[in-house]
Amino acid sequence: MFKFNKIYKEYDAPILGPISLDIKKNSFVSILGSSGAGKSTLLRLASDLIKPTSGSIEYANNEKPNIGFVFQDPTLLPWRTVIDNVLLPAELTSKNKKLSKEKAYFWLSKVGLEGKENSLPNQLSGGQKMRVSIARAMFQDCSLLLMDEPFAALDEVSRNKLEDDLLDIWKKNELTVLFVTHSVTEAVYLAQRVLVMSSNPGKILDDVIITEKRLRDDGQQSSEFFSKINYLTNILKKEKSE
Amino acid sequence: MIKRYLSFMAPIITFLLLLFAWELIVNFQNIPKYILPAPTDIFTSFLLNYSDLLRSTFITFRITFFAFMIASLLAIFIAILFSQSKIIELSLYPIAVIFQVTPVVAIAPLILIWVGLDNAEFAILILAVIVAFFPVLANTNLGIRSVEKNLSELFSLYEANRFQRLFKLQLPYALPFILTGMKTSIGLALIGSVVAEFVAGSGTSTGLAWRIIEAGNRLDVPKLFAALILLVVLGVILFLIMSLLEKILLKRWDIDKS
């Protein structure tokens, strides 16, 4: 999907780097790390919102993919209805102009918000607002979805439900997901691959492949699931104590 | 229900009791009308002079309204210019501050000379605009700058151009700030138009300030009070209209503006 080639980023002090990374198409990658590890900076670099101080980002076929970004807060425009918030990318980006209103309705129903199209954001719960944000990202046919701690502010039940819905969306679409989180369990539960980042400056400390799939519904997690959680927790603890 | 009724009635009853006490004290102490007229004297004076007083109220309202509209539109336009260019902001903001800190009474004679003594009403309008301008400018500027970083990044991600960013994000986001500025500004426009009329006179038209001066010179204190009360009522009505407008326009906004 894209490659980071020896990426450095600094403002007044070094924030990130060197980072070399290869993200495969249609993969689900979680990024774990303590605060200040540069996880959000990594996403912003991947989305081209900020430029690296040195190094380069290489997109497959030299073509920047359609990128959807879901922030920690839902970033909805409070004066617009749910449907108008989802339609925003079609109004702003010329290549999205052809996207139809039906498609916005389709994605809202996909994220479980059928019937809420004409509600205002302040009439929705935190979880519902986040669903609108995901629908907006998916509406514009994104092939790369960048998510910056999107479920951090939600209660556990909403969070679990959204995690499962996100996995469902990922499986049924041609989608590469880069998911930043603080939660080790969430990272292991969602991703095929977990990148652990150290701080000052942010570097990739470990790159862990998750092979066994998880079963939340019947509560039977594989032993690999737990051993990966323990392994990653220990890395984070060690990193913090250093 | 009773609590709601009480909270509505309490200020009205208090006000009526105060008026009653005022009436009693003035009558029992035989306070002369030219010092403190009783509420009934003021009411009588209003009935005797209502045609003059209401005409003056309308003139003051007209100047206040136009000053407020001109000040608001000009301030929003300049705040938009500020948001588009740092150089324009750095160049013009100090001038706006100079106008804000200069007492309107100090520049009134100058403005009067410039526009001509025959155009006193125009001079008052300019002075009221100067007084009402700054709160809208400062608040609009602040509102535009307060746009959340994530929202701004979202617009960058969608490759929004300058105008889309301004009209679909910055200005709607700044609306609560703009309305706060306008609420302050409308009161200041009234104060500005009254103070300016005190200093500049009113030429051919006579606003409420002129009625107050005139009544004061003649020691017609009941009429002075009547004009003063009309001024207060006008100010309160203008404020309430702005508050109502704010409530209607901000129905869609979260309280925390998130």
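Basis of the calculations
Residues numbered from 1 in each chain as written. Chains lettered and ligands numbered in written order. Predicted model: local features only at pLDDT ≥ 70, side-chain atom pairs only at ≥ 80, totals over all residues. Heavy atoms only, no water. Helix = DSSP H or I, 4+ residues; strand = E, 2+ residues; numbered from the N terminus. Rg over C-alpha atoms; globule rule 2.2 N^0.38 Å. Buried < 20%, exposed > 50% of the residue type's maximum accessible area, 1.4 Å probe, protein only. Contact = heavy atoms within 4.5 Å. Areas by Shrake-Rupley, 256 points an atom, 1.4 Å probe, with all protein chains shown as cover. Lys, Arg positive; Asp, Glu negative; His and termini not counted. Charge placed at Lys NZ, Arg CZ, Asp CG, Glu CD. Domains from an automatic or database assignment. Buried area = accessible area lost by both parts, 1.4 Å probe. Polar contact = N/O pair within 3.5 Å; in protein donor to acceptor, adjacent residues only side chain to side chain. Nonpolar A, V, L, I, M, F, W, Y, C, P; charged D, E, K, R; others polar. Expected span 1.5 Å × (residues − 1). Pairing = 2+ DSSP bridges. Axes fitted to C-alpha atoms, helices over the stretch in contact; angles between N-to-C directions. Core = buried A, V, L, I, M, F, W, Y, C linked by side-chain atoms within 4.5 Å. 1 Å grid on protein atoms, 1.4 Å probe; cavity = no way out; pocket = protein on both sides within 12 Å on 5 of 7 lines; lining within 4 Å. Points joined across faces, edges and corners; volume = space filled by probe spheres on them. Left-handed = near helix turned anticlockwise from the far one by under 90°. Bend = angle between axes of the 7 residues up to and from the residue.

Observations regarding the overall build of chain A
Next up, step 1: When its secondary structure is counted, chain A shows eight helices and nine strands.
Next up, step 2: Against the 2.2 N^0.38 benchmark of 18 Å for 242 residues, chain A shows a C-alpha radius of gyration of 18 Å, consistent with a compact globule.
Next up, step 3: C-alpha extents for chain A along the principal axes are approximately 50 × 45 × 30 Å.
Next up, step 4: Out of the 242 residues in chain A, the part that is buried amounts to 55%.
Next up, step 5: Counting contacts in chain A only where the partners sit at least 6 residues apart, residues at least 24 apart contribute 69% of the total.
Next up, step 6: Accessible area for chain A stands at about 10,700 Å²; split by element, carbon and sulfur atoms hold 48% of it.
Next up, step 7: Once the 33 positive and 31 negative side-chain charges of chain A are each reduced to a mean point, those two points are 3 Å apart.

Let's talk about the domain arrangement of chain B
When the parts of a complex come together, some accessible area is lost, and that lost area is often taken as the interface size.
Next up, step 1: Structurally, chain B comprises domain 1 (1–30) and domain 2 (40–249).
Next up, step 2: Here the C-alpha centroids of domain 1 of chain B and domain 2 of chain B sit 33 Å apart.

A closer look at the interface of chain A and chain B
Next up, step 1: Contacts between the two partners involve 25 residues from chain A and, on the opposite side, 22 residues from chain B.
Next up, step 2: Of all residues in chain A, Pro78, Trp79 and Leu92 of chain A give up the largest surface area on contact with chain B, accounting jointly for 32% of the area buried on that side.
Next up, step 3: There are six residue pairs in polar contact (both at pLDDT 80 or more) connecting chain A and chain B.
Next up, step 4: Elements represented by at least two residues in the side of chain A that touches chain B include exactly β5 (67–70), α3 (88–92) and α5 (126–139) of chain A.
Next up, step 5: Residue composition of the side of chain A that touches chain B, by class: 12 nonpolar, six polar and seven charged.

Details of helix α6 (residues 156–172) of chain A
Every α-helix carries 3.6 residues per turn, so stepping three or four residues along brings you back to the same face.
All names here are of chain A.
Next up, step 1: A rise of 1.5 Å per residue sets the reference length of α6, with its 17 residues, at 24 Å; its end C-alpha atoms lie 24 Å apart and thus fit the reference within 8%.
Next up, step 2: What α6 keeps buried is the set Arg159, Leu162, Glu163, Asp165, Leu166, Leu167, Ile169 and Trp170.
Next up, step 3: At its buried positions, α6 is contacted by β3 (28–33), α4 (101–110), α5, β6 (144–148), β7 (176–181) and α7 (184–190).
Next up, step 4: For α6, the side-chain oxygen to backbone nitrogen distance between the N-cap and Val157 is 3.2 Å, and the N-cap itself is Asp155.

Description of the sheet that holds strand β4 (residues 54–59) of chain A
Residue and element names in this part refer to chain A.
Next up, step 1: If you walk across this open sheet you meet the three strands as β2-β1-β4, and the pairing is antiparallel. Sheet topology places β2 (14–23) and β4 at the edges, where each strand pairs with a single neighbour. Direction aside, neighbouring strands of the sheet carry axes that sit 15 degrees apart on average.
Next up, step 2: In the sheet, strand β1 (residues 2–10) pairs with β2 via six bridges, with the strands oriented antiparallel. Among the inter-strand pairings, Phe2 is bridged to a residue of β2, identified as Ile23.
Next up, step 3: Along the sheet face, helix α1 (residues 39–46) touches β1, β2 and β4 and points at about 125 degrees away from the line of β1.

What about the nonpolar core?
Next up, step 1: Counting 103 residues, the largest nonpolar core has Phe2, Phe4, Ile31, Leu146 and Leu178 of chain A together with Leu137 of chain B as its most contacted members.
Next up, step 2: The residues contacting Ile31 of chain A, other than those within four sequence positions of it, are Lys39, Leu42, Leu43, Leu178, Phe179, Val180, Thr181, Leu195 and Met197 of chain A.
Next up, step 3: Core analysis: the second largest hydrophobic core is formed by 51 residues, Leu113, Val132, Ile169 and Phe225 of chain A among them.

A look at empty space enclosed by the protein
Next up, step 1: All told, the structure shown has two cavities of 30 Å³ or more when counted by the stated rule.
Next up, step 2: Of the pockets and cavities examined, the largest cavity occupies roughly 100 Å³.
Next up, step 3: If you go around the largest cavity, you meet 11 residues; those closest to its centre are Asn66, Ile67 and Lys95 of chain A together with Leu157 and Glu159 of chain B.
Next up, step 4: Tallied by class, the residues present in the lining of the largest cavity amount to four nonpolar, four polar and three charged.
Next up, step 5: By volume, the second largest cavity amounts to about 30 Å³.
Next up, step 6: As for the second largest cavity, its lining consists of Ile59, Thr60, Ile63, Ile124, Ser193, Glu197 and Gly207 of chain B.
Next up, step 7: Ranked by residues supplied to the lining of the second largest cavity, first place goes to helix α2 (residues 39–84) of chain B with three residues.

So, the layout of surface pockets
Residues and elements named next belong to chain B.
Next up, step 1: Considered as a void within the structure, the largest pocket measures approximately 350 Å³ in volume.
Next up, step 2: The wall of the largest pocket is formed by Phe15, Leu18, Leu19, Trp22, Pro39, Ile42, Phe43, Phe46, Phe225, Ala226, Ile229 and Leu230.
Next up, step 3: Mapped by element, the contributors of at least two residues to the lining of the largest pocket are α1 (2–28), α2 and α9 (221–249).
Next up, step 4: Split into classes, the residues belonging to the lining of the largest pocket amount to 12 nonpolar, no polar and no charged.
Next up, step 5: Split by domain, the lining of the largest pocket shows at least three residues from each of two domains, domain 1 (1–30) and domain 2 (40–249).
Next up, step 6: In terms of lining, the second largest pocket is formed by 15 residues, of which the most central are Leu74, Ile78, Phe99, Ile130 and Phe133.
Next up, step 7: Looking at the lining of the second largest pocket, the elements that each hand over two or more residues are α2, α3 (86–101) and α5 (120–145).
Next up, step 8: Considering every element that reaches the lining of the second largest pocket, the biggest residue donor is α5, with seven residues.
Next up, step 9: Tallied by class, residues from the lining of the second largest pocket come to 15 nonpolar, no polar and no charged.

Details of the packing of α2 of chain B against helix α7 (residues 162–200) of chain B
Residues and elements named next belong to chain B.
Next up, step 1: Contact geometry of α2 with α7 gives a least axis separation of 7 Å together with a crossing angle of 145 degrees. The two elements α2 and α7 cross, and the hand of that crossing is right-handed.
Next up, step 2: Of the residues belonging to the contact of α2 with α7, the class tally is 13 nonpolar, eight polar and two charged.

Topic: the side chain of Thr93 of chain A
Next up, step 1: For Thr93 of chain A, the location among the structural elements is in the loop between α3 and α4.
Next up, step 2: Residue classification places Thr93 of chain A among the buried positions, given a relative accessible area of 3%.
Next up, step 3: Within polar-contact distance, the side chain of Thr93 of chain A engages the backbone oxygen of Tyr158 of chain B at 2.7 Å.

Let's talk about α1 of chain B
All names here are of chain B.
Next up, step 1: Taking 1.5 Å per residue as the helical rise, α1 with its 27 residues ought to reach 39 Å, and the 37 Å between its terminal C-alpha atoms agrees with that figure.
Next up, step 2: Its maximal kink placed at Met9, α1 deviates by approximately 35 degrees, while the proline Pro11 follows within four residues.
Next up, step 3: Following α1 by one or two positions, Asn30 has its phi on the positive side, about 50 degrees.

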